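# A structural walkthrough
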Amino acid sequence: AQKVTQAQTEISVVEKEDVTLDCVYETRDTTYYLFWYKQPPSGELVFLIRRNSFDEQNEISGRYSWNFQKSTSSFNFTITASQVVDSAVYFCALWRSNDYKLSFGAGTTVTVRA
Amino acid sequence: GAVVSQHPSRVICKSGTSVKIECRSLDFQATTMFWYRQFPKQSLMLMATSNEGSKATYEQGVEKDKFLINHASLTLSTLTVTSAHPEDSSFYICSAGTSGGDTQYFGPGTRLTVL
């Protein structure tokens, strides 16, 4: 079974603090992709990153960084020096190679206070 | 590139009426389109998968007679909510992918309110 767990429901931080969002996944596939999306109050999903199962390199994009560890089936996301504009719901998702479907985690609501 | 549009962005209708939502891939051909529903403060739940020219595949628990999906061309899929009721009020999001593609491109969503 494919499953994505985002254990943190809500996180509230003060501006400039770092925030790490956890994502743990379950899959029997050897080939799969992991994604992070941001959903601001407008509702539109914003693509942040895609990582395939064969690439465990960590990635940094500006204030965003991702830590992929297959050994623990985790794909965590860190926002460094958070800003008010980072306030949104963040979803981790797992793409299945057999039917091309995405399984989403429950989402983590991040609130950054000025 | 890879832009997906949805129309309308917001719709309010009376109970018992039908509502059609369009999903278009603007700059690529989408062999597969997906329809999701998202209730307030919840995650996206896949409703159905549609491939161009064939019948949609519905997820367990989704009524195919109530949520009619048509994928008539490589750039257009429609979701019709038939005889809508207040419990159908939700945020509906479509996504489009290419053949063998590992990335889905999401539309901006349609907020449906049934009075």
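What comes next is a walk through the structure.

### Looking at the overall build of chain A
- Helix and strand counts for chain A stand at zero helices and twelve strands.
- Traced from its N-terminal end to its C-terminal end, chain A shows the element sequence β-β-β-β-β-β-β-β-β-β-β-β.
- In terms of C-alpha radius of gyration, chain A reaches 14 Å, essentially the compact-globule figure of 13 Å for 114 residues.
- The principal-axis extents of the C-alpha atoms in chain A amount to approximately 45 × 25 × 20 Å.

### Section: the interface of chain B and chain A
- Taken residue by residue, the interface counts 19 residues in chain B and 17 residues in chain A.
- With both sides pooled, the region where chain B packs onto chain A buries about 1,500 Å², and carbon together with sulfur makes up 54% of that total.
- Inspection of the chain B/chain A interface yields one salt bridge.
- Between Glu59 of chain B and Lys101 of chain A there is a salt bridge, with the nearest N and O atoms lying 2.5 Å from each other.
- Taken together, the links from chain B to chain A amount to five residue pairs in polar contact (both at pLDDT 80 or more).
- Secondary-structure elements contributing two or more residues to the side of chain B that touches chain A are strand 4 (32-38), strand 5 (45-51) and strand 9 (90-97) of chain B.
- Of all the elements, strand 4 of chain B adds the most residues to the side of chain B that touches chain A, at three residues.
- Of the residues that constitute the side of chain B that touches chain A, the class distribution is eight nonpolar, nine polar and two charged.

### What about the sheet that holds strand 3 (residues 19-25) of chain B?
Residues and elements named next belong to chain B.
- Judged by pairing direction, the sheet is antiparallel, and its four strands sit side by side in the order 1-3-8-7 without closing on themselves. The open sheet terminates on both sides in strands that have one partner only, identified here as strand 1 (4-7) and strand 7 (67-73). Direction aside, neighbouring strands of the sheet carry axes that sit 15 degrees apart on average.
- The pairing of strand 7 with strand 8 (residues 76-81) spans five bridges and is classified as antiparallel. Among the inter-strand pairings, Ser73 is bridged to a residue of strand 8, identified as Leu76.

### Some points on the side chain of Thr82 of chain B
Residue and element names in this part refer to chain B.
- With respect to the element layout, Thr82 can be found in the loop between strand 8 and strand 9.
- When its relative accessible area of 19% is taken as the criterion, Thr82 is described as buried.
- Setting aside residues no more than four positions away along its own chain, Thr82 makes contact with Thr17, Ser18, Asp65, Lys66 and Leu68.

### Focus on the environment of Gln8 of chain A
All names here are of chain A.
- Looking at the element boundaries, Gln8 is found in the loop between strand 1 (3-5) and strand 2 (10-14).
- Expressed as a C-alpha distance, the spacing of Gln8 and Leu21, which sit 13 residues apart in the sequence, is 7.3 Å.
- Ignoring anything within four residues of it in the chain, the contact list for Gln8 reads Thr20, Leu21, Asp22, Gly107 and Thr108.
- One polar contact links the side chain of Gln8 to the main-chain amide nitrogen of Asp22, over a distance of 2.7 Å.

### Examining the state of the cysteines
- All told, the structure shown has two disulfides over all chains when counted by the stated rule.
- Cys23 of chain A shares a disulfide with Cys92 of chain A; S-S distance 2.0 Å. Where Cys23 of chain A bonds to Cys92 of chain A through sulfur, the torsion about that S-S bond is close to -65 degrees, and the disulfide is left-handed. With Cys23 of chain A in the loop between strand 3 (19-21) and strand 4 (24-26) and Cys92 of chain A in strand 10 (residues 88-96), this residue pair connects regions lying 69 residues apart in the sequence.
- Note on Cys23 of chain A: relative accessible area 0%, which makes it buried.
- Taking relative accessible area as the criterion, Cys92 of chain A reaches 0% and is therefore assigned buried.
- A sulfur-sulfur distance of 2.0 Å marks the disulfide that ties Cys23 of chain B to Cys94 of chain B. Handedness of the Cys23 of chain B-Cys94 of chain B disulfide follows from its S-S torsion of about 80 degrees: it is right-handed. Of the two residues, Cys23 of chain B sits in strand 3 while Cys94 of chain B sits in strand 9, which places them 71 residues apart along the sequence.
- Its relative accessible area of 0% is what places Cys94 of chain B among the buried residues.
- No disulfide involves Cys13 of chain B; its sulfur sits 18 Å from that of Cys94 of chain B, the nearest cysteine.

Rules behind the numbers
- Residues numbered from 1 in each chain as written.
- Chains lettered and ligands numbered in written order.
- Predicted model: local features only at pLDDT ≥ 70, side-chain atom pairs only at ≥ 80, totals over all residues.
- Heavy atoms only, no water.
- Helix = DSSP H or I, 4+ residues; strand = E, 2+ residues; numbered from the N terminus.
- Rg over C-alpha atoms; globule rule 2.2 N^0.38 Å.
- Contact = heavy atoms within 4.5 Å.
- Buried area = accessible area lost by both parts, 1.4 Å probe.
- Salt bridge = Lys/Arg side-chain N within 4 Å of Asp/Glu carboxyl O.
- Polar contact = N/O pair within 3.5 Å; in protein donor to acceptor, adjacent residues only side chain to side chain.
- Nonpolar A, V, L, I, M, F, W, Y, C, P; charged D, E, K, R; others polar.
- Pairing = 2+ DSSP bridges.
- Axes fitted to C-alpha atoms, helices over the stretch in contact; angles between N-to-C directions.
- Buried < 20%, exposed > 50% of the residue type's maximum accessible area, 1.4 Å probe, protein only.
- Disulfide = S-S within 2.5 Å.

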